[in-house]
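What follows is each chain in one-letter form.
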Amino acid sequence: MSKGPNGLDYCAMTRYQTNGSLDPSFGDGGRVLASLGGPDNSIHAMAIDSQGRIVVAGQRYRYHDTFDYYDFLVGRFTPNGTLDSTFGRNGTVSTDFVYTLDWAYSVALDSRDRIIAAGEASSYGETSSSALARYRPGGGLDTSFGDGGKVETSFGNHIYDEADAVTVDDAGRIIAAGGGSLYHTEFTLSRYDPDGNLDASFGSGGMVRTRFPDSAWANGLTLDGQGRIVAVGSNTTGAVGQLALARYKPDGSLDGSFGSGGMVMTPFGRENDVRGDAAAIDERGRIVAAGTVYSGSGSDFALARYVGRDKAPPEVQVKGRSRFRTRHDRRRAHFRLVASEPVELLCKLDGGSFHECSSPYRTRRLAIGGHRLKVHATDEAGNVGTDKKRFRIAERR
């Protein structure tokens, strides 16, 4: 955000070309400064939909003569950086959860370009609940989701709960991560079905709470190729803290093959505090966490990469017949290659070399006699599983 004329808050964005220079086709020479309709508005998150439109989320100030009121704020820009007049009212919408302080901290899109904003709904700052709202592509609340388009979740005896990160998995389920506290703050995760109901197959009634040694809070999350959830945040004692990560299986239980019992803590100096804000997973399954490290002299970017390596290789099977008959002197054989997780496949036929392959696998024309197919399957963490199949090309009599 940036201050503009008349004390109004403006949304400030820049877009860069692949070489790092400003993109002249976006806004004014690569920059956009847009009013979102009032003072003291803030933007906390951004996402891009399937049409290249830019969706932002945050909070909008609403005047009240006794208290400062805030509502969820969602805006959409066209790919060239102008507010999208087909969305809401002049490109923005706001949503009140019937509380004084409603703030959106994260935003995600599902496969139908419906917008999910996540944050907190707070009553005068004394209590709060994790809050989600889903919008149709035109900006109206999606009334098929939760209660009129809105969902609130409280974690047991917590006084404060909020969702600081949200994503949508391949099944259309919505996963939110954040923190909650009574006397001790902890990671909180919740998963919802596409209609906004808590998913009973996840954690305890759709919710997960994870205690770290000290005060912990999750600010970012991502999913790997196996549907496992990685949450990143901080674990803090006083003014000193560590980058904190936890990895969960698809059912919400901690993944014991990751770190110590599913959790990892990384200090950035003995006297510094660090906050993890975002996580991503590269094509080799390595986890990248980003945030801010605070020291006595100021603050800096914090960046860490984790191997995230599984100990178990993927299971792979070569499925098909063991005998193929022909009336000729040669014929092809064909097989299905089935793996337990996303893998890259290499195949070796008889005494040849390994080469890239896929399922279904069809051989070249082979001579009558015995043959052998060997398959290597490499998962995202670099583990290799193998299988082989002996088969025969036989003359039909």
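Cut-off values and rules
- Counting restarts for each chain, with residues numbered from 1 along the sequence as it is written.
- Totals for whole chains, interfaces and linings use all residues, but because this is a predicted model, local features are given only for residues with pLDDT of at least 70 and pairs of side-chain atoms are given and counted only at 80 or more.
- To obtain the side-chain values, all non-hydrogen atoms of the structure were included, while hydrogens and water were left out.
- Whether two aromatic rings pair depends on their centres lying within 6.5 Å, for rings of Phe, Tyr and Trp, where Trp uses its six-membered ring; planes under 30 degrees apart make the pair stacked, over 60 edge-to-face, and the rest tilted.
- Secondary structure counts use DSSP, requiring at least four H or I residues in a row for a helix and at least two E residues in a row for a strand, with both numbered from the N terminus.
- Each residue is assigned to one of three classes by its accessible area relative to the maximum for its type, calculated with a 1.4 Å probe on protein chains only: buried under 20%, partly exposed between the two thresholds, exposed over 50%.
- Here, over-ring charges are defined by two tests on the NZ atom of lysine or the CZ atom of arginine: distance to the ring centre within 6 Å, and angle to the ring normal within 35 degrees.
- For two strands to be treated as a pair, DSSP must find at least two bridges joining them.
- Note on method: axes are straight lines fitted to C-alpha atoms, helices fitted across the in-contact stretch only, with angles between N-to-C directions ranging 0 to 180 degrees.

Asks: So, the packing of aromatic side chains: which residues are in play, and what are the values?
Replies: Following the criterion strictly, the structure yields 7 aromatic pairs and no others. Between Tyr 70 and Trp 103, the ring centres sit 6.1 Å apart and the planes meet at 55°, which makes this aromatic pair tilted. Note that Tyr 70 is positioned in strand β6 (residues 69-77) and Trp 103 in strand β8 (residues 101-109), a separation of 33 residues in sequence. The exposure class assigned to Tyr 70 is buried, which follows from its relative accessible area of 9%. Ring centres 4.8 Å apart and planes at 55° place the aromatic pair Phe 72 and Phe 97 in the tilted group. Taken together, the residues span a long stretch of sequence, with Phe 72 in strand β6 and Phe 97 in the loop between β7 (92-95) and β8 at a distance of 25 residues. Assessed through its relative accessible area of 3%, Phe 97 is described here as buried. Clustering of aromatic rings is evident, with ring pairs tying together Tyr 61, Tyr 70 and Trp 103. The ring centre of Phe 97 lies 5.4 Å from the NZ or CZ of Lys 150, which sits over that ring.

Asks: Quick rundown of the sheet that holds strand β14 (residues 186-192)? Include the residues and the values.
Replies: Spatially, the 4 strands line up as an open sheet ordered β12-β13-β14-β15, and their pairing is antiparallel. Bordering the open sheet on either side are β12 (160-168) and β15 (207-210), each of which pairs with just one other strand. Neighbour to neighbour, the strand axes of the sheet diverge by 20° on average, direction disregarded. Where strand β13 (residues 174-181) meets β14, 7 bridges bridge the pair, whose relative direction is antiparallel. Opposite Ile 174, over in β14, you have Tyr 192 as the bridge partner.

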